[in-house]
Amino acid sequence: MSLLPTIQGPADLRSLAPADLPLLAEEIRDFLIDAVTRTGGHLGPNLGVVELTIALHRVFDSPTDRILWDTGHQAYVHKLLTGRQDFSRLRAKDGLSGYPSRAESVHDLIENSHASTALGYADGLAKAHQLLGRTDRRTVAVIGDGALTGGLAWEALNNIAEARRRPLVIVVNDNERSYARTVGGLAHHLATLRTTQGYERFLALGKGALQRTPLVGQPIFDALHGAKKGFKDAFTPQGLFEDLGLKYLGPIDGHDIGAVEQALRQARNFGGPVIVHCLTVKGRGYRPAEQDEADRFHAVNAMDPYTCLPVSPSAGASWTSVFGSELVALGAERPDLVAITAAMLQPVGLAKFAQEYPERTFDVGIAEQHAVASAAGLATGGLHPVVAVYATFLNRAFDQVLMDVALHRLGVTFVLDRAGVTGNDGASHNGMWDMSMLQLVPGLRLAAPRDADQLRAQLREAVAVADAPTVLRFPKGELGPAVPALERIGGVDVLQRTGPAPEILLVAVGSMAPACLDAAALLLAEGFTATVADPRWVKPVDPALVRLAAAHRLVVTVEDNGRVGGVGAAIAQAMRDADVDVPLRDLGIPQEFLAHASRGEILEEIGLTGTGVAAQTAVFAKQLLPIPGADPTHAG
Ligand SMILES: Cc1ncc(C[n+]2csc(CCOP(=O)(O)OP(=O)(O)O)c2C)c(N)n1
Ligand SMILES: CC(=O)[C@@H](O)[C@H](O)COP(=O)(O)O
Ligand SMILES: [Mg+2]
């Protein structure tokens, strides 16, 4: 009989005999491969934490003990073991979230999929438990080696190490990879801990000693650990963690449930912060993933589990691939161009540039703040950095954009992929913040290309600016067809006019151009004529756009960004400043955390489609445009 269906919660797991656990692990792996190849999702990360998660839920009593997942993309096994085994709509509308979700389970806490935050939560939670006398509740944070390259994690470790008597268990899930291999000095240090021969011999000796001498708390542990530390320092480099004042247990084979359980029990019973360093394999147990050098199937689309061929092959070019190819061409023309990624070389389209110009490509780890600060340094040194990140991840580096790049008038270009609604990755992944946040940055120039031609052109325009930050932003996925302009007025492209003297100006921001063209056609059928214009560079607002607005009777702006402080708000302000008294309505993403669903479903729901824009604009027009021949004293 299968074991997995009998596990409705951690208590059922703890009642299993150790001899049953390898079979359960095998069933979980089979489940993950079958389910996640059907829906798409984070297959590789979750295959790597099967045994680790089983051990965690056998040693700790969730939800009394809190298990915090950093980034959260590796929490599928945690979900399976805490009563959620219907993965049929994983990451789909009304289905399971791809990340922990408090709405789904009391066992979940951190929903934010931005890396390197779990240790911060853990530090705070452990302080709360101590302050409130909750000595029966333990705090456990699971963080990947990739997430551990984020500065936030080290800010937390600095504080965690301060309190030698505050219980806190940190499990480092070390699979040597983010997407690609984890980079930087920390990765080398972890590798040293893993591979130093002397330490391994000592480890075998130490493990035996620890097994024979059950830990009875700090004194014994210190004695043993002191000896271990002494030996270790003799055989291996100073334990980075121990030098911070954190007790270190490991490295442990993260696929040996018994060994992980033993280490977790020792850590659980210790009276202060402990690091349990587990070695795992991303994609473990699924050969195609184990053999994938690119990213070990970090995030897969729906695919055939045997051939690994995608269920829905992508038809055309993606925004990302067009950007990547154009940057390679530019790299040949501009030897001063350098590229920076925050552990996402392939996903942001820099793989080709890295192949062509390895010495001009920098992977800084999951460290967006450092990415931008180092870009400021590179620009100061006479180079022109191109920082490629997902739009939502630039949030955490806002101060570096503002104070390190813009204040110093440095030529740095930011390319924001996954801008706008991304959808299936949930609220923390939608790139709906950048065109609001970046409005605040003096001197920054922001472009939203509408198609491949504009992406290429505007990338060239951006890297030509040497004294200010420039930003390009575009959505996830495939490019639509080219959207030619009828004419360019100033910097504004007029894409369509549906009448000789159109009443409505539809301002189409970037990827919203096709929807606005569809809307203009639908509005004409309702008797309203419209001009569709693409501002191209949305910051600063082009005076030509303000003049164009003055020639219409209603302005409707349409952007794949949050409405608050977005492009619409900026255009309205520019019109007010120019005393252009034409009513403006701004359509955009409601300023809310959006539940996960596909990009298409969400755009439909929030009215950012042709029909949605037309319907909303028609309402505005009927309210605000005087009906021809009607009594001017009565608003139409
Ligand atoms: C701030 C931030 N930047 C980038 C990402 C994209 N991202 C998601 S998972 C991941 C790699 C995580 O590596 P690791 O922590 O080692 O976890 P693993 O997948 O190896 O289990 C990255 C870069 C993110 N979620 N958050
Ligand atoms: C967890 C994380 O942040 C990434 O893995 C993200 O889920 C990838 O998103 P894409 O699939 O859009 O590249
Ligand atoms: Mg990793």
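Note that the structure is predicted; figures quoted are calculated from it, not measured. Residue positions are given per chain, counting from 1 as you read along its sequence in written order. Starting at A for chains and at 1 for ligands, labels are handed out in the order in which the entities are written. Totals for whole chains, interfaces and linings use all residues, but because this is a predicted model, local features are given only for residues with pLDDT of at least 70 and pairs of side-chain atoms are given and counted only at 80 or more. The side-chain figures draw on all heavy atoms in the structure; neither hydrogens nor water molecules are used.

Examining the nonpolar core
The criterion, for reference: Residues belong to one nonpolar core when they are buried, are Ala, Val, Leu, Ile, Met, Phe, Trp, Tyr or Cys, and are joined through side-chain atoms within 4.5 Å. Only protein chains enter the accessibility calculation, which uses a 1.4 Å probe; a residue is then buried when its area is under 20% of its type maximum, exposed when over 50%, and partly exposed in between. Working definition: helices are DSSP H or I runs of at least four residues, strands are E runs of at least two. Numbering for both runs from the N terminus. The contact definition used throughout considers only heavy atoms, calling two residues in contact when any of these lie within 4.5 Å.
Counting residues in hydrophobic clusters, the biggest one holds 55 residues, and the most contacted among them are L394, F414, L438 and M575. Top contributing element to this core by residue count: helix α16 (residues 368-380), with six residues. When sequence neighbours within four positions are dropped, the list of residues in contact with L438 reads L394, V401, L416, L444, L446, V471 and K539. One finds A25, L90, A289 and V300 within the second-largest nonpolar core, a separate group that totals 54 residues.

As for helix α4 (residues 50-59)
Where burial is concerned, most of α4 is hidden: 10 out of the 10 residues are buried. Looking only at α4, the buried set comprises V50, E51, L52, T53, I54, A55, L56, H57, R58 and V59.

Regarding the site of ligand 1
Selection criterion: Note on definitions. A residue lies near a molecule or strand when any single heavy atom of the residue is within 4 Å of it. Counting of polar contacts relies on pairs of N or O atoms within 3.5 Å, with two restrictions inside protein: one atom must be capable of donating a hydrogen and the other of accepting it, and residues adjacent in sequence are counted only when both atoms are side-chain atoms. Think of it as three bins: nonpolar holds Ala, Val, Leu, Ile, Met, Phe, Trp, Tyr, Cys and Pro, charged holds Asp, Glu, Lys and Arg, and polar takes everything else, Gly as well.
Neighbouring ligand 1 are 22 residues; H73, G146, A147, K282 and E368 lie closest to it. A147 is positioned with one of its backbone polar atoms (N or O) 2.8 Å from an oxygen atom of ligand 1. Split into classes, the residues belonging to the shell around ligand 1 amount to seven nonpolar, 10 polar and five charged.

Observations concerning the coordination of the magnesium ion (ligand 3)
For a metal bound by four donors in tetrahedral geometry, the ideal donor-metal-donor angle is 109.5 degrees, whereas six donors in octahedral geometry ideally sit at 90 or 180 degrees. Selection rule: The donor definition counts N, O and S atoms within 2.8 Å of each metal and applies 3.2 Å to Na, K and Ca; water is not among these atoms, so some sites may look incomplete.
Looking at the metal site, the magnesium ion (ligand 3) is ligated by D145 (OD), N175 (OD1) and R177 (O), spaced 2.0 to 2.2 Å from it. For the magnesium ion (ligand 3), the donor residues sit on a single chain with the sequence spacing D-x29-N-x1-R. Taken together, the residues span a long stretch of sequence, with D145 in the loop between β2 (139-144) and α7 (151-160) and R177 in the loop between β3 (168-174) and α8 (185-195) at a distance of 32 residues. For D145, a relative accessible area of 2% puts it in the buried group.

A closer look at the UniProt feature "binding site: thiamine diphosphate" (unreviewed entry) in the protein chain
Filter applied, for reference: UniProt positions are given in the numbering used here, feature names are shortened, and annotations may be inferred rather than shown by experiment.
Taking the numbering used here, the UniProt-annotated feature "binding site: thiamine diphosphate" (unreviewed entry) corresponds to H73, S113, H114, A115, G146, A147, N175, Y286 and E368. For the residues just named, distributed over 296 residues, the greatest C-alpha separation reaches 31.4 Å, placing them at more than one site. Secondary-structure assignment places H73 in the loop between β1 (66-69) and α5 (76-80). The buried category is assigned to H73, whose relative accessible area is 13%. With sequence-adjacent residues up to four places away left out, H73 is seen in contact with H42, P45, N46, G98, Y99 and H298. Take G146: it is sitting in the loop between β2 and α7. The exposure class of G146 is buried, given its relative accessible area of 4%.

Some remarks on the pattern of salt bridges
Using the following cut-off: For this document, the term salt bridge refers to a Lys or Arg side-chain nitrogen within 4 Å of an Asp or Glu carboxyl oxygen.
Counted according to the given criterion, the structure contains 34 salt bridges. Linking R265 and E261 is a salt bridge whose minimum nitrogen-to-oxygen distance equals 3.0 Å. In this pair, R265 and E261 both sit in helix α12 (residues 257-268), four residues apart, roughly one turn of the helix. Accessibility expressed as a relative area gives 6% for E261, which makes it buried. A salt bridge links D534 to R450; the nearest nitrogen and oxygen atoms lie 2.6 Å apart. Taken together, the residues span a long stretch of sequence, with D534 in strand β15 (residues 530-534) and R450 in the loop between β10 (445-447) and α20 (452-463) at a distance of 84 residues. For the pair formed by D534 and R450, the shared burial category is buried. Because the salt bridges share partners, they merge into one network encompassing R450, E461, R488, D493, D534 and R536.

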